[in-house]
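Chain residues, written in single-letter form:
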Amino acid sequence: EARIVARARVVLVGPPGSGKSTIGRKLARELGVELFDTDAGIEAETGRSIPEIFAEDGEPEFRRIEEQVVRRAVLEHEGVVSLGGGSVLSARTREVLRGATVVYLEISVGEGLRRTGSSNARPLLNGADPAAKYRELMKQRRPLYREVATVRVRTDGRSPGRVVRMILARL
Ligand code: S3P
């Protein structure tokens, strides 16, 4: 059986608001490599925004596209890859992540919610009770983030610079 070999130098996972984009940008700069953000990759590939894809085609179709974009990014991109918060829901994606260096940016529910704020950019958190939804997401996903992670970093109350230094020390 052919072994899947991840080429990505580092993959970042974690829930919305855990700082994947900010940390990813800084980490890539420190490592002298490029950042590939899978949410941006999905938007570039489809020519639509993520809220549009959810509204027009629904979450299952979004997840199908996401699985493909994530797979390609992890296998082909040589820099830092930051994954959309729900990517780990896919068992195929978790399989693709085997053998990669995967950093889980841990965040408390309170601070994660504060950081995601009231933006409309995240369709899953747009409902009547974002706090309940976020708690539910975390309950479902925490074991999955832990399963794929090779490094875990707590980000609560830490500056992006501090988090990046902690990651670099553990690569
Ligand atoms: C999602 C997180 C988003 C984006 C989409 C779904 C999720 O990415 O992929 O809205 O299921 O948690 P971020 O983690 O960058 O917010």
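See the structure printed just above.
Below or above, wherever it landed, is the structure these notes cover.

## Digging into the overall build of the protein chain
For the protein chain, the helix and strand inventory stands at 8 helices and 5 strands. Taken over the C-alpha trace, the protein chain has a radius of gyration of 15 Å; the compact-globule value for 171 residues is 16 Å, and the two agree within 12%. Taking the principal axes of its C-alpha atoms as reference, the protein chain extends roughly 40 × 40 × 25 Å. Residues counted as buried form 44% of the 171 residues belonging to the protein chain.

## Some words on the sheet that holds strand S5 (residues 151-154)
Strand pairing in a sheet takes place through backbone hydrogen bonds and is either antiparallel or parallel in direction. Spatially, the 5 strands line up as an open sheet ordered S2-S3-S1-S4-S5, and their pairing is parallel. Edge positions in the sheet fall to strand S2 (35-37) and S5, since each of these pairs with one other strand and no more. Sheet twist, expressed as the average angle between the axes of neighbouring strands with direction ignored, equals 20 degrees. For strand S1 (residues 10-13) and strand S3 (residues 80-82), the ladder comprises 3 bridges, and the chain directions are parallel. Note on S3: the bridge partner recorded for Leu12 is Ser82. Its contacts with the sheet put helix H1 (residues 20-31) on S1, S2, S3 and strand S4 (102-106), and the angle it makes with S1 is roughly 165 degrees.

## Observations regarding the packing of helix H2 (residues 38-46) against helix H3 (residues 50-57)
For the pair H2 and H3, the least separation of the axes is 9 Å and the interaxial angle reads 65 degrees. Counting all contacts with H2, which are made through Asp39, Ile42, Glu43 and Thr46, the residues of H3 involved are Ile50, Pro51 and Ile53. Partitioned by chemical class, the residues of the contact of H2 with H3 number 4 nonpolar, 1 polar and 2 charged.

## Concerning the packing of H1 against helix H8 (residues 160-169)
Two numbers describe how H1 lies on H8: the axes approach to 9 Å, and their chain directions differ by 55 degrees. Considering the angle they form, H1 stands oblique to H8. The handedness of the crossing between H1 and H8 is right-handed. From H1, Thr22, Ile23, Lys26, Leu27, Glu30 and Leu31 reach across to H8, where they touch Pro160, Gly161, Val163, Val164, Ile167 and Leu168.

## Section: the pairing of S5
Walk down a regular strand and you will see the side chains alternate between the two sheet faces. Of the two faces of S5, only one is covered, namely that formed by Val151 and Val153; the face formed by Arg152 and Arg154 stays uncovered. With 4 bridges connecting them, S4 and S5 associate as parallel partners. Of the residues in S5, the one forming a bridge with Glu106 is Arg154.

## Quick look at the pairing of S1
Along S1, one buried face is formed by Val10 and Leu12 and the opposite face, lined by Val11 and Val13, is buried too. The sheet contact formed by S1 and S4 spans 3 bridges and is parallel. From the neighbouring strand, Val13 faces S4, where its bridge partner is Tyr104.

Conventions used here
- Residues numbered from 1 in each chain as written.
- Predicted model: local features only at pLDDT ≥ 70, side-chain atom pairs only at ≥ 80, totals over all residues.
- Heavy atoms only, no water.
- Helix = DSSP H or I, 4+ residues; strand = E, 2+ residues; numbered from the N terminus.
- Rg over C-alpha atoms; globule rule 2.2 N^0.38 Å.
- Buried < 20%, exposed > 50% of the residue type's maximum accessible area, 1.4 Å probe, protein only.
- Pairing = 2+ DSSP bridges.
- Axes fitted to C-alpha atoms, helices over the stretch in contact; angles between N-to-C directions.
- Contact = heavy atoms within 4.5 Å.
- Nonpolar A, V, L, I, M, F, W, Y, C, P; charged D, E, K, R; others polar.
- Parallel < 35°, antiparallel > 145°, perpendicular 65-115°, else oblique.
- Left-handed = near helix turned anticlockwise from the far one by under 90°.

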